[in-house]
Amino acid sequence: MDGNGRWAEARGRRRSEGHRAGTETVDRLLDHLVKIKVPYVSLYAFSTENWRRPRPEITALFNLLNEFIITRLDKMMAKGVRIVTSGDISRLPKKSRDLLENAMLRTGRNKKLVANFCLNYGARDEIHRAAMRFAAKQIAGRKIKIPKEKEFRALLWQPEMPDVDLLVRTAGELRLSNFMLYQAAYAELYFTDKTWPEFSENDVDAAIFEFGRRKRKFGGL
Ligand code: IPE
Ligand code: MG
């Protein structure tokens, strides 16, 4: 979800206003995905690298997350959105953690759309943790057994989420930036110059239309 800052700067507004506009996009997007029956979405909201930003911006981002959960939770219940997270949320401000934990609990049985909020998320961190957890289990079991790929995958943050089919990056950046390196091995990549606050329901449809035109062979013929 890139380009909040640029969206704001181009309008002579503060970066935090760009982030606020970005949350409106998340809100609209979730409604739209429920409507068009997309069952899973992961939103890269805060990366393991985003801690390098100035403290006031980090605070503003988590305050927006808190506000988002407080104001949208009832709506997510009504729409059948289940909230899950990826990333070590123990490093997040306590208020955000508490709100997230409550939201995950309350929405846990919703069935329409799984919305995976990636917070303090980095794909390398995710894979490294999975490898460490696997090693720890091996040592505890006192026997060395090479994991099946499936067993390793079960140690990622959200093993029940399927592989990424379509990965959308906004604001003209042509990078993965440490996002879902494992799960996006065969993802179709879609890049758009639109900033995240500008990204609309029509843009979602356009991305999915483009996805439908791609020929996916997963290494076969
Ligand atoms: C994305 O927008 C916000 C986050 C997920 C942290 P940016 O803040 O990266 O916006 P630009 O790149 O400065 O335009
Ligand atoms: Mg950016």
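Structural notes, computed from the coordinates. The residue count restarts for each chain, going from 1 along the sequence in the order it is written. Ligands are numbered from 1 and chains lettered from A, in the order in which they are written. Totals for whole chains, interfaces and linings use every residue, but because this is a predicted model, local features are given only for residues with pLDDT of at least 70 and side-chain atom pairs only at 80 or more, for both listing and counting. As a rule here, side-chain values come from all non-hydrogen atoms in the structure, and water together with hydrogens is ignored.

1. A few points about the packing of aromatic side chains
Any pair of Phe, Tyr and Trp rings, taking the six-membered ring for Trp, is counted once the centres come within 6.5 Å. Such a pair is stacked with planes under 30 degrees apart, edge-to-face with planes over 60 apart, and tilted for the rest. All chains considered together, the criterion is met by 10 aromatic pairs. With a centroid separation of 5.7 Å and 80° between ring planes, the pair formed by Tyr44 and Tyr121 is classed as edge-to-face. One end of the pair, Tyr44, is in strand E1 (residues 40-47); the other, Tyr121, is in strand E3 (residues 113-121), and 77 residues separate them in sequence. To sort residues, take the accessible area from a 1.4 Å probe on protein chains only and compare it with the maximum for the residue type: under 20% means buried, over 50% means exposed, and anything in between is partly exposed. On the accessibility criterion, Tyr44 (16% relative accessible area) is buried. Tyr121 sits in the buried class, given a relative accessible area of 0%. Ring geometry for Tyr186 versus Phe218: centroids 5.6 Å apart, planes at 55°, classification tilted. With Tyr186 in the loop between strand E4 (166-169) and strand E5 (188-191) and Phe218 in the segment after helix H7 (201-213), the pair connects residues that are 32 residues apart, well separated along the chain. Judged by relative accessible area, Tyr186 falls into the partly exposed class, the value being 47%. Members of the aromatic cluster, connected to one another through ring pairs, are Tyr44, Tyr121 and Phe179. Only lysine NZ and arginine CZ atoms are considered, and such an atom sits over a ring when it is within 6 Å of the ring centre and within 35 degrees of the ring normal. Here Arg91 stacks its cationic end above the ring of Trp51, 4.3 Å away from the centre of that ring. Going along the chain from the N terminus, every DSSP run of H or I of four or more residues is numbered as a helix, and every run of E of two or more is numbered as a strand.

2. Considerations on the site of ligand 1
Proximity criterion: a residue is near a molecule or strand once any of its heavy atoms comes within 4 Å of it. Near ligand 1 lie 13 residues; those nearest to it are Met1, Asp2, Arg6, Arg15 and Arg53. Here a polar contact means two N or O atoms within 3.5 Å. Within protein one must be a hydrogen donor candidate and the other an acceptor candidate, and residues neighboring in sequence count only if both atoms are side-chain atoms. Between ligand 1 and Gly5 there is a distance of 2.9 Å, counted from an oxygen atom to a backbone nitrogen or oxygen. At 2.7 Å from an oxygen atom of ligand 1 is found a side-chain nitrogen or oxygen belonging to Arg53. Every accessible area reported is derived by Shrake-Rupley at a probe size of 1.4 Å, with residue values counting cover from the shown protein chains alone. Contact with the protein chains covers 87% of the free accessible surface of ligand 1, which is 380 Å². Those elements that place two or more of their residues in the shell around ligand 1 are helix H1 (4-9), helix H2 (15-35) and E1. Considering every element that reaches the shell around ligand 1, the biggest residue donor is H1, with 3 residues. Following the grouping adopted for this structure description, the nonpolar residues are Ala, Val, Leu, Ile, Met, Phe, Trp, Tyr, Cys and Pro, the charged ones are Asp, Glu, Lys and Arg, and the polar ones are all others, Gly among them. Residue composition of the shell around ligand 1, grouped by class: 4 nonpolar, 5 polar and 4 charged.

3. Overview of helix H3 (residues 55-79)
Residues lying three or four places apart along an α-helix face the same way, a consequence of the helix completing one turn every 3.6 residues. The terminal C-alpha atoms of H3, which comprises 25 residues, lie 34 Å apart, in line with the 36 Å expected from a rise of 1.5 Å per residue. At Arg72, H3 is deflected by roughly 55°, the largest bend along its length. Buried residues of H3: Glu57, Ile58, Leu61, Phe62, Leu64, Leu65, Asn66, Phe68, Ile69, Arg72, Leu73 and Met76, and no others. Immediately beyond the C-terminal end of H3, within one or two residues, lies Gly80, with a positive phi of roughly 80°. Every helix has an expected span of 1.5 Å times one less than the residues it contains. What is called the bend at a residue is the angle between a pair of axes, fitted to the seven residues leading up to and ending at it and to the seven starting from it.

4. Concerning the packing of H2 against H3
Lines fitted to C-alpha atoms define the axes, with helix axes restricted to the stretch in contact, and inter-axis angles between N-to-C directions lie between 0 and 180 degrees. For the pair H2 and H3, interaxial distance at closest approach is 10 Å and the crossing angle is 25°. The pairing of H2 with H3 is recorded here as roughly parallel in orientation. Taken as a pair, H2 and H3 cross one another with a handedness that is right-handed. In this structure, H2 uses Arg15, Ser16, His19, Arg20, Thr23, Glu24, Val26, Asp27, Leu30, Asp31 and Val34 to contact H3, whose residues at the interface are Glu57, Ala60, Leu61, Leu64, Glu67, Phe68, Arg72, Lys75, Met76 and Lys79. Residue classes in the contact of H2 with H3 are distributed as 8 nonpolar, 3 polar and 10 charged. Angles are sorted into four bins: roughly parallel if under 35 degrees, roughly antiparallel if over 145, roughly perpendicular if 65 to 115, and oblique for all others. For a crossing to be left-handed, the near helix must be turned anticlockwise from the far one by less than a right angle; the clockwise case is right-handed. In what follows, residue pairs with any heavy atoms lying within 4.5 Å of each other are defined as contacts.

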